[in-house]
Amino acid sequence: MTALLFELLDVEKSYELRGGGAAFRPGPKRRLRALDGVRLTVARGDSVALVGESGSGKSTLLRVLMGLTSPTDGRALYGGQDVTQLKGERRAAFQREVAMVYQDARGSLNPRLPVLDLIAEPIRHHKLRAGPAVRDRVLELLDQVGLPAATLKRYPSQLSGGQVRRVAIARALASEPLTIVADEAVSGLDVSTQAQLLNLLVELQRRMGLTLIFITHDLGVASFLCDQIAVMYLGRIVETGPTRAILERPAHPYTQALLNAQPRFFAPIAQPLQGEIPSPIDLPPGCRFAGRCPRAVPACREDDPALMPSGQGRAVACIRPLTAAA
Amino acid sequence: MSLQMSSSAVQATSRPLVELEDFSLWRQNRSVLDGLSFTLPKGQNLALVGESGAGKSTIGLALMGLLQSQGVKMAGRARFDGQDLVSLNARAWNGLRGRRLGMIFQDAGAALDPCFTIGHHLAFPLRRLLGLSSRQATERALALLESVGINDAKARLKAYPHELSGGMQQRVMIGIALACEPDLLIADEPTSALDVTIQAQIVRLIQDRVRMQGASCIFVLHDLALASQACERIVVLYAGQVMEAGLAEVVLGRSRHPYTQALKSCVIELDTAALEPPPGAAPSLDRMPSGCRFAPRCPRASERCTAEKPPLQGTEAHQIACWHPG
């Protein structure tokens, strides 16, 4: 039986907005639902990809998962305990066991510190090594992420985009975590650099038995890196399950649309999904995807479908799933 | 309302629209582009692909005449519809830019002026370059906005750039670039800042509009699969040199250059099990290797590769610059 690390139980995160009134006066109260009824469990050793367009709530979900923001409703648990309630030793353990690689790797590194100090910081903070052993450990980490020892004395501004990401990964590994949480860690890079980093992440995960929670908008990256996938749309998980099964036979029309949009060699460009992701403020009733869905029927605009298990570890939130007919 | 057809469209259809012959470019005496040759026949689309630093965007800027006074030196020939661009004076450029050459920039949000409305952005080139009256220009701007798929175009004319989403801003940019019905459109990474579902919409839109106006498009892309979908011709660049060029199905389908093959092996498709990126990274401008610039990363490199630059050889359907083609 694998131990559950993270559990999100019907997590809702909404923000109250009062802007938009005339002449700097507050406008009427509006609600922005960044997350709504999100359920997700991550067991030790899992690799989970969160996939979706911007505005789908991926980053908010990470913030809740990491205890950086508390949910308005529902609970976020780590090892069975509420993340926001962790105190003392438990909190220190959580901070050591879960490491994050941020989307903007360069922005996440202090520009005034050389790589040695950047990577040594978590080691010293968690008192994992002392004295000269710290430096040895940093060298070991640099080697693990494929950077030469000479990088030690460099500052982030002297490194390329790919190297900076490697330093960020080394820094995340420095606290000897059980879980790595990465937010778009390979986006915006050249394909060759991206491929190098993906290989590195797969190797680290395999060798160290890391749990991986990976945010990406690229289904290809998700399928390469992760066994599990959760597709998000407007604050909801619309489909989740084993990556391979879902990409081979998507059940939710949105997953299908994402698959269609994936560039493929020499294939004609598929008919793209119409419209854009709507604003999460004051959402209409019914399924959130109904407005763009090619399969929508009037019933879709009335009831908001919940994420229901559909067998083989899969779940889908749709009243007309694509797999139902077969 | 039909706009004046460019006189060239009637003349010599066999003459290529764009023809680069041994075209080189230096910035502050550093070689950025080194002896490029490729042609783009009228009515076709071409993709410039390669890693960052390969000079893809520089080619786009040079063809737009936007690299005139920045310590930039050019040599060789770059012809647009028979006219040599290298020796063109400022006055002649003004007759081409915007009118016969249109450009779509990568970051639409930064390319649009926040102080002016969408209507102003669209009407300006029409009034300035085509001499339309203010009313005519506004009417035409409305038609343009509708043609790039913006709903409620009338209201959008009065909107400011920040009031539109990224996808909408990119549509507006396409509208501006196409306002004077140019013969050549240069699209510099038009979709890399957008979500996947929007990406497909935008590429299709550019394709449709370009085809409808009988124009050609040079895409700067980093996604090889997308390039194969959108373009008939491909030019693979590395560190300012053409590695391989020709028809998309040959260059990407039956590539013989080790660099093209390496790039292809970095592309993640949904069933990709292993990635084999080339080691290292592209060279920086002040440390360009001699001979073939890919040689230091090339698995097939020999002594000859570092000593002597391989010439670009072959037919128009398939050209390759390599001493050891596979």
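One structure accompanies this document, and this report is about it.

Scoring rules and cut-offs
- Residues numbered from 1 in each chain as written.
- Chains lettered and ligands numbered in written order.
- Predicted model: local features only at pLDDT ≥ 70, side-chain atom pairs only at ≥ 80, totals over all residues.
- Heavy atoms only, no water.
- 1 Å grid on protein atoms, 1.4 Å probe; cavity = no way out; pocket = protein on both sides within 12 Å on 5 of 7 lines; lining within 4 Å.
- Points joined across faces, edges and corners; volume = space filled by probe spheres on them.
- Helix = DSSP H or I, 4+ residues; strand = E, 2+ residues; numbered from the N terminus.
- Nonpolar A, V, L, I, M, F, W, Y, C, P; charged D, E, K, R; others polar.
- Buried < 20%, exposed > 50% of the residue type's maximum accessible area, 1.4 Å probe, protein only.
- Pairing = 2+ DSSP bridges.
- Contact = heavy atoms within 4.5 Å.
- Axes fitted to C-alpha atoms, helices over the stretch in contact; angles between N-to-C directions.
- Polar contact = N/O pair within 3.5 Å; in protein donor to acceptor, adjacent residues only side chain to side chain.
- Right-handed = clockwise from strand over helix to strand, strands pointing away.
- Expected span 1.5 Å × (residues − 1).
- Arc of directions from axis to C-beta.

Side note on the layout of surface pockets
Residues and elements named next belong to chain B.
Part 1 of the reasoning: Volume-wise, the second largest pocket comes out at about 660 Å³.
Part 2 of the reasoning: Among the secondary structure elements, those contributing two or more residues to the lining of the second largest pocket are β6 (101–104), α4 (118–130) and α7 (166–178).
Part 3 of the reasoning: Considering every element that reaches the lining of the second largest pocket, the biggest residue donor is α4, with 6 residues.
Part 4 of the reasoning: Broken down by class, the residue content of the lining of the second largest pocket amounts to 16 nonpolar, 5 polar and 2 charged.

Observations regarding the pairing of strand β8 (residues 216–221) of chain B
Residue and element names in this part refer to chain B.
Part 1 of the reasoning: Where burial is concerned, most of β8 is hidden: 6 out of the 6 residues are buried.
Part 2 of the reasoning: Of the two faces of β8, the one lined by Ser216, Ile218 and Val220 and the one lined by Cys217, Phe219 and Leu221 are each fully buried.
Part 3 of the reasoning: Bridge count between strand β3 (residues 45–49) and β8: 5 bridges; the pairing is parallel. Looking at β8, one finds that leucine 48 is bridged to valine 220.
Part 4 of the reasoning: Pairing analysis gives 5 bridges linking strand β7 (residues 184–188) to β8, with the strands arranged parallel.

A short note on the sheet that holds strand β4 (residues 72–80) of chain B
Residues and elements named next belong to chain B.
Part 1 of the reasoning: On the basis of which strands lie adjacent, the open sheet formed by 4 strands has the order β2-β1-β4-β5 and antiparallel pairing. Each edge of the open sheet carries a strand with a single partner, namely β2 (30–40) and β5 (83–84).
Part 2 of the reasoning: Pairing of strand β1 (residues 18–27) with β4 involves 8 bridges; the strand directions are antiparallel. Bridged to tryptophan 26 within β4 is lysine 73.

Looking at empty space enclosed by the protein
Residue and element names in this part refer to chain A.
Part 1 of the reasoning: Counting across every chain of the model gives 8 cavities of 30 Å³ or more.
Part 2 of the reasoning: Looking at the largest cavity, its volume works out to about 100 Å³.
Part 3 of the reasoning: Looking at the largest cavity, it is lined by 14 residues, and the ones nearest its centre are Cys287, Cys293, Cys300, Cys318 and Ile319.
Part 4 of the reasoning: Tallied by class, residues from the lining of the largest cavity come to 10 nonpolar, 1 polar and 3 charged.

What about the sheet that holds strand β4 (residues 73–78) of chain A?
Residue and element names in this part refer to chain A.
Part 1 of the reasoning: With antiparallel pairing, the 4 strands of this open sheet are ordered in space as β2-β1-β4-β5. Every other strand in the sheet has two partners, leaving β2 (30–43) and β5 (81–82) as the edge strands with one partner each.
Part 2 of the reasoning: The pairing of strand β1 (residues 4–17) with β2 spans 10 bridges and is antiparallel. Looking across to β2, one finds that leucine 8 is bridged to leucine 40.
Part 3 of the reasoning: Helix-sheet contacts for helix α1 (residues 58–65) involve β1, β2 and β4, and the interaxial angle to β1 is about 120°.

Notes on the environment of Ser265(B)
Residue and element names in this part refer to chain B.
Part 1 of the reasoning: Mapping serine 265 onto the fold places it in the loop between α11 (258–264) and α12 (303–307).
Part 2 of the reasoning: For the pair serine 265 and proline 277, spaced 12 residues apart in sequence, the C-alpha separation works out to 6.5 Å.
Part 3 of the reasoning: In this structure, serine 265 is in contact with Leu275 and Glu276, ignoring residues within four places of it in sequence.
Part 4 of the reasoning: Among the polar contacts made by the side chain of serine 265, one reaches the main-chain carbonyl oxygen of alanine 262 at a distance of 2.7 Å.
Part 5 of the reasoning: In terms of polar contacts, serine 265 uses its side chain to reach the backbone carbonyl oxygen of glutamate 276, at 2.8 Å.

Re the pairing of strand β8 (residues 211–216) of chain A
All names here are of chain A.
Part 1 of the reasoning: Within β8, 6 of the 6 residues are buried, which leaves it mostly tucked inside the rest of the structure.
Part 2 of the reasoning: With burial as the criterion, each face of β8 is covered, one bearing Thr211, Ile213 and Ile215 and the other bearing Leu212, Phe214 and Thr216.
Part 3 of the reasoning: Strand direction decides the pairing type here: strand β3 (residues 47–51) and β8, joined by 5 bridges, are parallel. Pairing of valine 51 across the sheet is with threonine 216, part of β8.
Part 4 of the reasoning: Handedness of the strand β7 (residues 179–183)-helix α6 (residues 191–208)-β8 crossover: right-handed.

Considerations on helix α5 (residues 134–147) of chain B
Residues and elements named next belong to chain B.
Part 1 of the reasoning: Between its first and last C-alpha atoms α5 spans 20 Å; for 14 residues at 1.5 Å apiece the expected length is 20 Å, and the two agree.
Part 2 of the reasoning: By the burial criterion, the buried members of α5 are Ala137, Arg140, Ala141, Leu144 and Leu145. Down the axis of α5, the smallest arc covering the buried residues is 145°, so these residues share one side. Turned more than 90 degrees off the buried face of α5, the exposed positions are Arg135 and Glu139.
Part 3 of the reasoning: For α5, the secondary structure elements touched by its buried residues are α4, α6 (153–157) and α7.
Part 4 of the reasoning: Note on α5: the residue one or two positions beyond its end, glycine 149, has a positive phi of about 80°.

Without other data, these values stay purely geometric and don't point to any function.
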